[in-house]
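Now for the letters of each chain:
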Amino acid sequence: MGPVPILLYHAISADPPPVIRPFAVTPEAFRRHLDAVVASGVTVLTISELLAARDAGMLPARPAAITFDDGFADFSEIAQPALRERGLRATLYVATALLRGRPWSEDFPALGDSMLDWSLLRDVAEDGTEIGAHSHTHPHLDTLSRARAREEIERPKRLLEDELQREVPSFAYPNGYSSTAVRRLVRDAGYRSACSVKNAFSSLDDDRFSLARLTVRSTTSGTELEEWLDGRGAPPAPQREHARTRMWRLYRRARAAAAGRPTSDLR
């Protein structure tokens, strides 16, 4: 089996909030992307399906996955209907405090009213989307104390499982940031997999608690996406953490300490 493309989307909108604009794809471009997925001949699996098939040694010849982070309202309004029309399924990772309509919902002015309403989660899941957790308030988990990180990891699992009445087995790190300690907390919380970013291909050897994904940006061309689906145009996932990743973590931790609050790109 060759490289496994796990695509990472955020908003599907022609007019997204400025904070997410670099990572937003227009509805028209998204539909073209899905047509390219179908034409490529890959077999699209949810993240848990991908890991279950890998564990059982029963992966299709060309597996792929489509994931969404954060929980924007346009997932249910635009993305999921387009996926359904093409017989495709995705994994949606939601940060529970970002969603609208519940007592624990928090104010994120930069996101406005662009987030999914909590009341729609069950419909989204029943339509075939795997729901995963993406923390509670979307902080950089590797800059938090152990106790605070544990709460950010465990709380969304409890909230989502209570609402959906089904297991929530997968997690995605906000901004892709994790560490050995954070990954251990995710495992200890009962998740069975977790997604990072890395902008690289996943593979049979990829760490199930740090799966590599390819970020689809507003500037990602159709040609680039087609290359990814064909296993070209991106590196394999690194087996070890780069020194620059460790240095960037130290910088973000120092910045969070100086500010006296958790680092987050959405506040």
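Residues numbered from 1 in each chain as written. Predicted model: local features only at pLDDT ≥ 70, side-chain atom pairs only at ≥ 80, totals over all residues. Heavy atoms only, no water.

Our focus in this paragraph is the overall build of the chain. A count of helices and strands for the chain gives eight helices and eight strands. Along the first, second and third principal axes, the C-alpha set of the chain runs to 50 × 40 × 35 Å. For the chain, the residues scored as buried account for 53% of the 267 residues in total. Across the chain, every contact between residues at least 6 apart in sequence was considered, and the portion connecting residues at least 24 apart equals 66%. Working note: accessible area of the chain is about 11,800 Å², and carbon and sulfur atoms make up 49% of it. Averaging the positions of the 36 positive and the 36 negative side-chain charges in the chain gives two centres separated by 7 Å. (Helix = DSSP H or I, 4+ residues; strand = E, 2+ residues; numbered from the N terminus. Buried < 20%, exposed > 50% of the residue type's maximum accessible area, 1.4 Å probe, protein only. Contact = heavy atoms within 4.5 Å. Areas by Shrake-Rupley, 256 points an atom, 1.4 Å probe, with all protein chains shown as cover. Lys, Arg positive; Asp, Glu negative; His and termini not counted. Charge placed at Lys NZ, Arg CZ, Asp CG, Glu CD.)

Running from amino to carboxyl end, helix α1 (residues 27-40) crosses helix α7 (residues 222-229) at an angle of 30°, the nearest separation of the two axes being 10 Å. When you trace α1 past α7, the crossing you get is right-handed. Taking contact as the criterion, the partners of His33, Ala36, Val37 and Ser40 in α1 are, on α7, Leu225, Glu226 and Leu229. Classifying every residue of the contact of α1 with α7 by side-chain character gives four nonpolar, two polar and one charged. (Axes fitted to C-alpha atoms, helices over the stretch in contact; angles between N-to-C directions. Left-handed = near helix turned anticlockwise from the far one by under 90°. Nonpolar A, V, L, I, M, F, W, Y, C, P; charged D, E, K, R; others polar.)

Turning our attention to the pattern of salt bridges. Considering all chains together, one arrives at 13 salt bridges under this definition. Across the salt bridge formed by Glu152 and Arg148, the nearest N and O atoms sit 3.9 Å from each other. You can see Glu152 and its partner Arg148 sitting in helix α5 (residues 146-164), four residues apart, about one turn around the helix. Judged by its relative accessible area of 37%, Arg148 is partly exposed. Among the ionic pairs, Glu161 bridges to Lys157, the shortest N-O distance being 2.9 Å. Here Glu161 pairs with Lys157, and both are found in helix α5, just four residues apart, close to one helical turn. Of the residues examined, Lys157 reaches a relative accessible area of 10% and is grouped as buried. Each of Asp35, Glu85 and Arg86 takes part in a single network of salt bridges with overlapping partners. (Salt bridge = Lys/Arg side-chain N within 4 Å of Asp/Glu carboxyl O.)

The next thing to look at is unusual backbone geometry. Positive phi values are uncommon outside glycine, yet Asp70 reaches one of about 95°. Counting through the fold element by element, Asp70 comes out in strand β3 (residues 63-70). On the basis of relative accessible area, Asp70 is assigned to the buried category, the value being 2%. The backbone of Asn175 shows a phi angle near 60°, a positive value even though the residue is not glycine.

Positive charge collects at one region of the surface, where Arg146, Arg150, Arg184 and Arg187 lie side by side. Elements with a minimum of two residues in the positive patch: α5 and α6 (180-188). Relative to the helices and strands, Arg184 resides in helix α6. (Patch = residues over 30% accessible without salt bridge, like charges linked within 9 Å, V, L, I, M, F, W, Y side chains within 5 Å.)

The next point concerns the nonpolar core. Among the nonpolar cores identified, the biggest contains 54 residues, and Tyr9, Phe30, Ile66 and Phe68 are the most heavily contacted of them. Discounting residues that sit within four places of it in the chain, Tyr9 has contacts with Val25, Phe30, His33, Ile66, Thr67, Phe68, Asp69, Val216 and Leu225. (Core = buried A, V, L, I, M, F, W, Y, C linked by side-chain atoms within 4.5 Å.)

Here we take up the pairing of strand β1 (residues 6-9). Because side chains alternate across β1, one face comprises the buried residues Ile6 and Leu8, and the other comprises Leu7 and Tyr9, equally buried. Two elements, β1 and β3, share four bridges in a ladder whose sense is parallel. Each bridged residue has a counterpart across the sheet, and for Leu7 the counterpart in β3 is Ile66. By the bridge criterion, two bridges tie β1 to strand β8 (residues 211-215) in an arrangement that is parallel. (Pairing = 2+ DSSP bridges.)

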